[in-house]
Amino acid sequence: MPALKCSVHTMSRAAGRLTAGSRVLPSFLIIGAQRCGTTSLYRALSQHPLLLKPVLHKGVHYFDMAYDQGLSWYRAHFPLRPRASRLAYRYGYRPHAFESSPYYLFHPLAGARIAWDLPGVKLIVLTRDPVERAFSAHAHELARGFETETSFARAVELEEERLAGAEDDLRAFPHSTNHAHRHLAYLARGRYAEQLARLEPLVGRERLLVLDSGRFFSEPEVVYDRVLAFLGLPHIGDPVFEPHNVRSRPAPMPASLRRELTDRFEGQDSLLSSWLGAVPSWRR
């Protein structure tokens, strides 16, 4: 980050902490999954006048990476209450602050933390063909320098060994981080139904909206309106829908590997159907 930008962010955070008591907390979160269109949905929702994004970053990563900072630190990232009050008066609806941190869905402690600190919060989850998601995530982590294994097939082969004990360590040391768990969990992150089952008893099924990213990419207006209905907000304006964070792949996925991984996810994808209310688009 350039020095000037870093300085501005530091000053903004300091000002935010001083005024934390006068700031709103989010009423909904986009919690995942990684590489499933979360940035595209976040950017579309940010164009709505009653949806208030964080002051500095799309994702604050409080409930996964910075929970030791405390709730006032988290609150400091969001807009001031007077702004929210002005918007409520103008439009006749309560504004919603929100953020998007796609590691929340996968982190073993984030769900319980969210439920404790944000009672009543609504959660949005985007899901994508888990095989494509894994392939995309590998290219993403490789480009960012967090992955050193250039072969996707080899990275998948190494995943179990790399993740061994990672979740137990995160539970045993709640304020720790684990590189492999955050950056190298290609297949594990695609077991959406497993992660949703962990969340359901914490927040309730009625506060979870699970979306098919394939439909969001093909019919963004329909999915956008469904999100607004979930939040109880009117459609105001016409957002621009654009893809974000698209990564080129270093090499195509071998067809045999694709078939093997698709078969491996069959059970999880079947369980996901009840959350989506339909067969996942990648299984049709």
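- Per an unreviewed UniProt entry, the recorded name for the protein is Sulfotransferase domain-containing protein, and the organism is Streptosporangium subroseum.

Side note on the UniProt feature "domain: Sulfotransferase" (unreviewed entry) in the protein
Right, on to step 1. Following the UniProt record, one finds the feature "domain: Sulfotransferase" (unreviewed entry) at residues 27-234.
Right, on to step 2. When the span residues 27-234 is considered, its composition is 51% helix and 11% strand, and the gap between its end C-alpha atoms is 16 Å.

Regarding unusual backbone geometry
Right, on to step 1. Across the junction of Gly 32 and Ala 33, the peptide omega takes the value -5°, indicating a cis bond.
Right, on to step 2. As for its position among the elements, Ala 33 is in the loop between β1 (28-32) and α2 (38-46).
Right, on to step 3. Positive phi outside glycine occurs at Arg 35, with the angle close to 65°.
Right, on to step 4. Mapped onto the secondary structure, Arg 35 falls in the loop between β1 and α2.
Right, on to step 5. The class for Arg 35 is buried, based on a relative accessible area of 13%.

Notes on a positive patch on the surface
Right, on to step 1. The grouping of Arg 43, Lys 53, Arg 83 and Arg 86 at the surface amounts to a positive patch.
Right, on to step 2. One can find Arg 86 in helix α5 (residues 81-91).
Right, on to step 3. A residue is classified by how much of its surface remains accessible, and Arg 86, at 56% relative accessible area, is exposed.

Examining the packing of aromatic side chains
Right, on to step 1. For the structure on display, the rule yields 14 aromatic pairs.
Right, on to step 2. On the basis of an interplanar angle of 35° and a centroid distance of 6.2 Å, the ring pair of Phe 63 and Tyr 67 is categorised as tilted.
Right, on to step 3. You can call Phe 63 buried: its relative accessible area is 0%.
Right, on to step 4. Between Phe 216 and Phe 217, the aromatic rings sit 6.0 Å apart at their centres with planes inclined by 40°, giving tilted as the arrangement.
Right, on to step 5. Given the relative accessible area of 3%, Phe 216 is considered buried.
Right, on to step 6. Given a relative accessible area of 47%, Phe 217 falls into the partly exposed group.
Right, on to step 7. An aromatic cluster is built from Tyr 62, Phe 63, Tyr 67, Trp 73, Tyr 74, Phe 78 and Tyr 104, whose rings are joined through pairwise contacts.
Right, on to step 8. Residue placement shows Lys 122 over the ring face of Phe 230; its charged tip is 4.9 Å from the ring centre.
Right, on to step 9. The ring of Trp 275 carries the charged tip of Arg 205 above its face, separated from the ring centre by 3.8 Å.

Reading guide: rules and limits
The numbers attached to residues start from 1 for each chain and follow its sequence in the written order. Only residues with pLDDT of at least 70 are given local features in this predicted model, and only at 80 or more are side-chain atom pairs given and counted; all residues enter the totals for whole chains, interfaces and linings. Hydrogens and water molecules were not included; the side-chain quantities draw on all heavy atoms of the structure. UniProt positions are given in the numbering used here, feature names are shortened, and annotations may be inferred rather than shown by experiment. Per the convention used, a helix needs a DSSP run of H or I reaching at least four residues, while a strand needs a run of E reaching at least two, with both numbered from the N terminus. Exposure is judged per residue with a 1.4 Å probe applied to protein chains only, and the accessible area is read against the type maximum: over 50% gives exposed, under 20% gives buried, and values in between give partly exposed. Exposure above 30% relative accessible area and the lack of any salt bridge qualify a residue for a patch; like charges then connect within 9 Å, and the nonpolar side chains Val, Leu, Ile, Met, Phe, Trp and Tyr within 5 Å. Surface accessibility in these figures is a Shrake-Rupley result with a 1.4 Å probe; residues are shielded only by whichever protein chains are displayed. Salt bridge, as used here: a side-chain nitrogen of Lys or Arg that lies within 4 Å of a carboxyl oxygen of Asp or Glu. Asp and Glu are treated as the negative residues and Lys and Arg as the positive ones, with His and the ends of the chain left uncounted. Here the site of a charge means NZ on Lys, CZ on Arg, CG on Asp, or CD on Glu. Classification of ring pairs rests on two measures: the distance between centres of Phe, Tyr or Trp rings, Trp counted by its six-membered ring, which must be within 6.5 Å, and the angle between planes, read as stacked under 30 degrees, edge-to-face over 60 and tilted in between. In this analysis the charged atom, NZ for Lys or CZ for Arg, is taken to sit over a ring once it is within 6 Å of the ring centre and within 35 degrees of the ring normal.

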